[in-house]
Amino acid sequence: MRGGGIILNVKAQIMDADKMRRALVRIAHEILERNKGTENLVLVGIRRRGVPLAKRLQRIIEEIEGVKLPLGVLDITLYRDDLTTLSPHPVIHSTEIPFNITGKKVVLVDDVLFTGRTVRAALDALMDLGRPRSIQLAVLIDRGHRELPIRADYVGKNVPTSLKEEIAVQVKEIDGVDQVLICAVPERTAGP
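Keep in mind that what you see is a predicted model, and the values were worked out from it rather than measured.

**Student:** Give me the pairing of strand β6 (residues 105-113): which residues, what numbers.
**Tutor:** Judged by how many residues are buried, β6 sits mostly within the fold: nine of nine residues are covered. Pairing of strand β4 (residues 41-46) with β6 involves five bridges; the strand directions are parallel. Paired with V42 across the bridge in β6 is V106. Alignment of β6 against strand β7 (residues 134-142), held across eight bridges, turns out to be parallel. Pairing of K105 across the sheet is with S134, part of β7. Regarding topology, helix α4 (residues 117-129) serves as the crossover connection from β6 to the parallel β7, and that connection is right-handed.

Right, here's the structure in full:
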């Protein structure tokens, strides 16, 4: 398996499709309970795998409450603090938030919470779009190793990892399969 130009060696599957579904159902219930329903509530998925997870949360909440929450897609590429190290020409996707976030309770959705830098970039991007009443964070996996004082409000599973491990979240919409893997990251080798 490849991830970011590094070959990942799968150590274990920590979630299958059913465990992912159950975690998202639990997160949906927690979101509704904390926010006392759906009033002024919106979902925003962080591109890439946060988007299908946000769409799934939207469907689950609609099944529970009969209300389809507004859903947006956030691209944080230009807000990253490591933009110059990503690529000489990083691919920029569009942010698609077809509603005003000012005064809304925004639930930001991502697949993995690691250092917190992605979330910091997402917060910067959201604040450029308006002034939400609140921003909450929902993640499927929290793997620890925070570099910034950021924590998730809703977590599907806490997975303590070493820095020599990666978490690979795979979703049907992008990868053709629903699963979460823990992988060993081998040393980089020189060459093409």
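There's plenty left to go through after this.
**Student:** Lay out the pattern of salt bridges with the relevant residues and their values.
**Tutor:** Under the counting rule described, the total for this entry stands at 13 salt bridges. R47 is the partner of E96 in a salt bridge, and the nearest nitrogen-oxygen pair spans 3.2 Å. On the criterion of sequence distance, the pair formed by E96 in the loop between α3 (83-86) and β6 and R47 in the loop between β4 and α2 (50-65) is long-range, its members being 49 residues apart. Between D142 and R146 there is a salt bridge, and its shortest N-O distance comes to 2.8 Å. With relative accessibility at 28%, the residue R146 sits in the partly exposed group. Among the charged side chains, a network of salt bridges with common partners joins D18, R21 and R22.

Rules and cut-offs
Residues numbered from 1 in each chain as written. Predicted model: local features only at pLDDT ≥ 70, side-chain atom pairs only at ≥ 80, totals over all residues. Heavy atoms only, no water. Buried < 20%, exposed > 50% of the residue type's maximum accessible area, 1.4 Å probe, protein only. Helix = DSSP H or I, 4+ residues; strand = E, 2+ residues; numbered from the N terminus. Pairing = 2+ DSSP bridges. Right-handed = clockwise from strand over helix to strand, strands pointing away. Salt bridge = Lys/Arg side-chain N within 4 Å of Asp/Glu carboxyl O.

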